[in-house]
Amino acid sequence: MFTGLTTELCAKAWALVTPAIEKAAETGAIRGAVGDLVVMDPARPGTILWAGSIGDTEDKTYGYAVAKAKVAERTGLDTSRVRMDQPHLYTAGDIVYPGGVVRHGMVVAFSGVEGEADEMIAEWFIAAVRGLARLAFVSDRGPDATGTRYLGD
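Residues numbered from 1 in each chain as written. Predicted model: local features only at pLDDT ≥ 70, side-chain atom pairs only at ≥ 80, totals over all residues. Heavy atoms only, no water.

Draft legend 1. Representation of the pattern of salt bridges in the model. Evaluated as defined, the whole model comprises ten salt bridges. Taken together, the salt bridges that share partners define one network made up of Asp78, Arg103 and Glu123. (Salt bridge = Lys/Arg side-chain N within 4 Å of Asp/Glu carboxyl O.)

Draft legend 2. Structural view of the sheet that holds strand E3 (residues 100-103). As summarised here, the arrangement of the four strands in space is E2-E1-E4-E3, forming an open sheet in which the pairing is antiparallel. Bordering the open sheet on either side are strand E2 (48-54) and E3, each of which pairs with just one other strand. Across the sheet, the axes of successive neighbouring strands diverge by a mean angle of 15°, strand direction being ignored. Here E3 runs beside strand E4 (residues 106-111); their pairing, made up of four bridges, is antiparallel. Note on E4: the bridge partner recorded for valine 102 is valine 107. Sitting on the sheet, helix H1 (residues 7-26) is in contact with strand E1 (35-40), E2 and E4, with an inclination near 25° to E2. Relative to E4, helix H2 (residues 59-75) is tilted by about 150°, and along the sheet it contacts E1, E2, E3 and E4. (Pairing = 2+ DSSP bridges. Helix = DSSP H or I, 4+ residues; strand = E, 2+ residues; numbered from the N terminus. Axes fitted to C-alpha atoms, helices over the stretch in contact; angles between N-to-C directions. Contact = heavy atoms within 4.5 Å.)

Draft legend 3. Seen up close, the nonpolar core. The biggest cluster of nonpolar side chains holds 26 residues, and the ones touching the most others in it are Trp14, Leu37, Val39, Trp50, Val108 and Phe125. Among the elements of the structure, H1, E1, E2, E4 and helix H4 (115-141) are those that each provide at least two residues to this core. Filtering out sequence-adjacent residues up to four positions away, phenylalanine 125 remains in contact with Cys10, Ala13, Trp14, Val17, Leu37, Val39, Trp50, Met106 and Val108. (Core = buried A, V, L, I, M, F, W, Y, C linked by side-chain atoms within 4.5 Å. Buried < 20%, exposed > 50% of the residue type's maximum accessible area, 1.4 Å probe, protein only.)

Draft legend 4. Examining the packing of aromatic side chains more closely. Under the counting rule described, the total for this entry stands at five aromatic pairs. Measuring from centroid to centroid gives 6.2 Å for tryptophan 14 and tryptophan 50, while their planes differ by 65°, and the two rings are edge-to-face. You can see tryptophan 14 sitting in helix H1 and its partner tryptophan 50 sitting in strand E2, a full 36 residues away along the chain. Taking the relative accessible area as the measure of exposure, tryptophan 14 reaches 8% and is therefore buried. Within the aromatic cluster, the residues linked to one another by ring pairs are Trp14, Trp50, Phe110 and Phe125. (Phe/Tyr/Trp six-rings, centres within 6.5 Å; stacked < 30°, edge-to-face > 60°.)

Now the structure itself:
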């Protein structure tokens, strides 16, 4: 039975995203395939649901990912939006780097490459989670789960 966002769903999404990170590094689009990702629990604000890493990470990259996620969760904004549009929302001790993303009720942050690339990777992860969740939801309930009618039906 489909149960929404779980650690298992996050692990499946991460398995889809990590090859994309590696390919982006291989082609020079980003400066390396290394970093940490955190997913906040939408049911328990302030709580990390899941974390993943790629490459030879440092303790600080995990700490940065957590800090980015906390700013994004508190403000309800991507950390790049806070930095560019609403810097008045920062509080003492907040991290000021991009990489935290708020989409569709999810807060995800990545740290390890550079801010803009970190944010891109967080968005890739959210897209993978949403896609996998939709597939699981529909397969659990049958093709008419959404009530959508298709041409030819």
